[in-house]
Amino acid sequence: MSDEFSMTIDGRAVDAPGTFGVIDPATGEVAEQAPDASREQLDAAMNSARAAYAAWRRDESARREALLAAAELMFARSEEIGRVITLEQGKPLADATMEVVAAGVWLKYFAGLELPVEVIQDDDNARVEVLRRPMGVVAAITPWNFPLLLATWKIAPALLAGNTMVLKPSPFTPLSSLKLGAALRDVLPPGVLNVVTGGDELGAWMTSHDVPRKISFTGSVATGKRVAAAAAPDLKRVTLELGGNDPAILLDDADPAAVADKLFGGAFQNNGQVCSAIKRVYAPDALYDDVVDALAERAKAAKVGPGTQEGVQYGPINNEPQFERVRELVADALAGGARAAAGGAPIDGPGYFFQPTILADVSDGTRIVDEEQFGPALPVVRYSDLDEAIDRANGTHFGLSGSVWSADADRAAEVAGRLECGTAWVNTHLALAPNQPFGGFKWSGLGVENGTWGLQAFTELQVVHRSKL
Ligand code: NAD
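Since the model is a prediction, treat every value here as computed from it, not as a measurement.

1. Notes on the UniProt feature "active site" (unreviewed entry) in the protein
Under the local residue numbering, the UniProt record ascribes the feature "active site" (unreviewed entry) to Glu241. One can find Glu241 in strand β11 (residues 237–241). Note on Glu241: relative accessible area 4%, which makes it buried. If we ignore the near neighbours within four places in the chain, the residues touching Glu241 are Phe217, Thr218, Gly219, Phe438, Gly439, Ser444, Gly447, Val448 and Glu449.

Structure follows, in structure tokens:
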């Protein structure tokens, strides 16, 4: 195995006793091998992170410089690392390259972010400061949809705050994180960022390990609950970024032709494999047919194919279980009376390709409306009464984000404010930025990432009270 796909433990390239296959979703064939870390190797990574913490936490300017250097590496090597993302994740090369650039943007943003120091009292009696201290070792666990970007959402703030880290990517997309670890060996002191790979059990070993003080997890609701339970006996701090079932509500004054491009983009970006993608559209009776037709037209025109192919807009679904899940949810809706206005089935041939699908004549109570599909299939639901539509939009355990679409932005903002979710967009969806806190209500998560709020999540609050008496 080449060094670039070795684990990084204590600043060195480390291979594992065993390996596992990484599948190219465009072919369904194993394309690479990744190390399958042993428990002893996880221990070594945790111990290295703990040892590195003492010096790392003390040198803030070194941390800022290192994050800036890491950002520059991402910008300089975006296409090379992007190719690895396309290989393991499936997304088109242009999108994969953009993911690496975005990782650089996040690293650069955090490199310049100040940790707040608040003076809450300064008088003849005392000076009282509220400060943010690092926590120690962070265990970071990531999913397969944006393998590199979501890792940097954790690495950048955690390291800036003075923590060290052990990162475990998804077994479906380990290669880009391995490559990131390898690239940063020259930038970070040994032990500050360790990258280990393996199956789901490696994640469970991490969450029950006695070294980390914080778990930063992005993934599904079911796993997130397991992570929270595993963290509880040791009172590890947790941030959970979990699934979503984002509603987009069109108000009766929205113009379907004008909003269709953005709606479609908000649902199908990354082939629908975005936690905060639009996963159900609520359209009023009067607009319903026009909305369905406008979305179906775009779905039929979308160019699906291997991410390495020029001009492709959407790649395959990332992995077989997810492909089967999308197929099952679409089939269930069609069997229940839904109409496929576009798509509705897998694409023949190798790989996990699925037709961009718009489902009409479908309503709440159908699995694809109530559950997170996380793929290229979008149900469009009809409504007659806006209050009822808002209730239905809020009527799930999810609460990641949502959007409201209208010619009257003030009216839409008022409706958006009634959505029970972490981000409520008006006339847009998926407008994410490094300075915006991102997180979910209800089962969509615990805590936030990004912005000063995300940075503070990697700190403990400490009061320093100096008596003057
Ligand atoms: P998943 O929960 O199956 O896996 C996520 C990670 O957890 C993987 O690295 C996996 O190996 C690890 N893992 C599995 N079992 C574990 C255990 N018992 N203990 C510790 N770690 C364990 O999720 P996925 O299928 O990789 O990702 C898709 C899900 O992630 C979707 O629900 C999506 O909405 C969500 N997601 C959320 C956000 C967000 O920011 N809110 C972002 C992207 C994806």
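2. A closer look at the domain arrangement of the protein
You can read the domains of the protein as domain 1 (7–241) and domain 2 (246–433). On a C-alpha basis, the centres of domain 1 and domain 2 stand 31 Å from each other. At the interface, 21 residues of domain 1 touch 26 residues of domain 2. Taking both sides of the interface into account, the surface hidden between domain 1 and domain 2 amounts to around 1,700 Å²; carbon and sulfur atoms contribute 63%. Remark: the boundary between domain 1 and domain 2 carries zero salt bridges. Applying the counting rule to domain 1 against domain 2 returns seven residue pairs in polar contact (both at pLDDT 80 or more). Contributions of two or more residues to the side of domain 1 that touches domain 2 are made by α3 (78–89) and α4 (93–111).

3. A few points about a negative patch on the surface
On the surface, Asp255, Asp289, Asp290, Asp293 and Glu297 cluster together into a negatively charged patch. If you trace the backbone, Glu297 turns up in helix α10 (residues 285–301).

4. Some remarks on the site of the ligand
Around the ligand lies a shell of 28 residues, among which Thr142, Asp200, Ser220, Leu242 and Glu372 are the nearest. Trp144 is positioned with one of its side-chain polar atoms (N or O) 2.9 Å from an oxygen atom of the ligand. Taking Asp200, its side chain carries an N or O atom lying 2.7 Å from an oxygen atom of the ligand. Taken by itself the ligand offers 850 Å² of open surface, and the protein chains cover 89% of this. Elements with a contribution of two residues or more to the shell around the ligand: α7 (200–207), β10 (214–218) and α8 (221–231). Among the elements that take part in the shell around the ligand, α7 stands out by supplying three residues, more than any other. Classifying every residue of the shell around the ligand by side-chain character gives 14 nonpolar, ten polar and four charged.

5. So, the pairing of strand β8 (residues 164–168)
Successive residues of a regular strand alternate their side chains across the two faces of the sheet. Most of β8 is tucked away: five of the five residues are buried. Neither face of β8 is left uncovered, since the one carrying Thr164, Val166 and Lys168 and the one carrying Met165 and Leu167 both have all their residues buried. With five bridges joining them, strand β7 (residues 137–141) and β8 adopt parallel strand pairing. When the sheet's bridge partners are listed, Ala140 is paired in β8 with Leu167. Assessed by its sense of winding, the connection that carries the chain from β7 through helix α5 (residues 147–160) to β8 is right-handed. For the crossover that starts at β8, traverses helix α6 (residues 175–183) and ends in the parallel strand β9 (residues 193–195), the hand is right-handed.

6. So, the state of the cysteines
In this structure the tally under the stated criterion is zero disulfides. Summary of cysteine pairing: Cys275 is not part of a disulfide, and the nearest cysteine sulfur, belonging to Cys421, is at 13 Å. On the accessibility criterion, Cys275 (18% relative accessible area) is buried. Of the residues examined, Cys421 reaches a relative accessible area of 8% and is grouped as buried.

7. Describing the packing of aromatic side chains
If you walk through the whole model with that rule in mind, you get eight aromatic pairs. With a centroid separation of 4.3 Å and 15° between ring planes, the pair formed by Phe264 and Phe268 is classed as stacked. One end of the pair is Phe264 and the other is Phe268, both in helix α9 (residues 256–268) and four residues apart, which spans about a single turn. Cluster of aromatic residues (ring-pair linked, three or more members): Trp106, Trp153 and Phe438. The ring of Trp443 carries Lys225 above its face, with NZ or CZ at 3.2 Å from the centroid. Across from the ring centre of Tyr288, 4.3 Å away, lies the NZ or CZ of Arg382, which sits over that ring.

8. A few points about the sheet that holds strand β12 (residues 246–250)
With mixed pairing, the seven strands of this open sheet are ordered in space as β14-β15-β16-β13-β12-β17-β18. What marks the edges here is a single partner per strand, and that holds for β14 (339–342) and β18 (423–426). Direction aside, neighbouring strands of the sheet carry axes that sit 25° apart on average. Direction of pairing for β12 relative to strand β13 (residues 278–284): parallel, over a ladder of four bridges.

9. Brief notes about the pattern of salt bridges
Inspection of the entire model under this criterion finds 30 salt bridges. For Glu372, the salt bridge identified is with Lys279, shortest N-O distance 3.0 Å. Here Glu372, found in the loop between α12 (367–370) and β16 (377–383), pairs with Lys279, found in strand β13; they are 93 residues apart in sequence, far enough to count as distant. Take Glu372 and Lys279: they sit in the same class, and that class is buried. Its salt-bridge partner being Arg382, residue Asp285 comes within 3.5 Å of it at the nearest N-O pair. With Asp285 in helix α10 and Arg382 in strand β16, the pair connects residues that are 97 residues apart, well separated along the chain. Among the charged side chains, a network of salt bridges with common partners joins Asp122, Arg127, Glu129, Arg466 and Lys468.

10. As for the sheet that holds strand β5 (residues 118–122)
Here we have three strands laid out as an open sheet, ordered β5-β6-β22, and antiparallel in their pairing. Pairing within the sheet leaves two strands with one partner each, and these edge strands are β5 and β22 (459–467). Averaged over all pairs of adjacent strands, the angle between their axes in this sheet comes to 20°, without regard to strand direction. Pairing geometry for β5 and strand β6 (residues 126–134), over four bridges, is antiparallel. Counterpart to Gln121 in the pairing with β6 is Val128.

Reading the values: the criteria
- Residues numbered from 1 in each chain as written.
- Predicted model: local features only at pLDDT ≥ 70, side-chain atom pairs only at ≥ 80, totals over all residues.
- Heavy atoms only, no water.
- UniProt positions renumbered as here; feature names shortened; annotations may be inferred.
- Helix = DSSP H or I, 4+ residues; strand = E, 2+ residues; numbered from the N terminus.
- Buried < 20%, exposed > 50% of the residue type's maximum accessible area, 1.4 Å probe, protein only.
- Contact = heavy atoms within 4.5 Å.
- Domains from an automatic or database assignment.
- Buried area = accessible area lost by both parts, 1.4 Å probe.
- Salt bridge = Lys/Arg side-chain N within 4 Å of Asp/Glu carboxyl O.
- Polar contact = N/O pair within 3.5 Å; in protein donor to acceptor, adjacent residues only side chain to side chain.
- Patch = residues over 30% accessible without salt bridge, like charges linked within 9 Å, V, L, I, M, F, W, Y side chains within 5 Å.
- Areas by Shrake-Rupley, 256 points an atom, 1.4 Å probe, with all protein chains shown as cover.
- Lys, Arg positive; Asp, Glu negative; His and termini not counted.
- Charge placed at Lys NZ, Arg CZ, Asp CG, Glu CD.
- Near = heavy atom within 4 Å.
- Nonpolar A, V, L, I, M, F, W, Y, C, P; charged D, E, K, R; others polar.
- Pairing = 2+ DSSP bridges.
- Right-handed = clockwise from strand over helix to strand, strands pointing away.
- Disulfide = S-S within 2.5 Å.
- Phe/Tyr/Trp six-rings, centres within 6.5 Å; stacked < 30°, edge-to-face > 60°.
- Lys NZ or Arg CZ within 6 Å of the ring centre and 35° of its normal.
- Axes fitted to C-alpha atoms, helices over the stretch in contact; angles between N-to-C directions.

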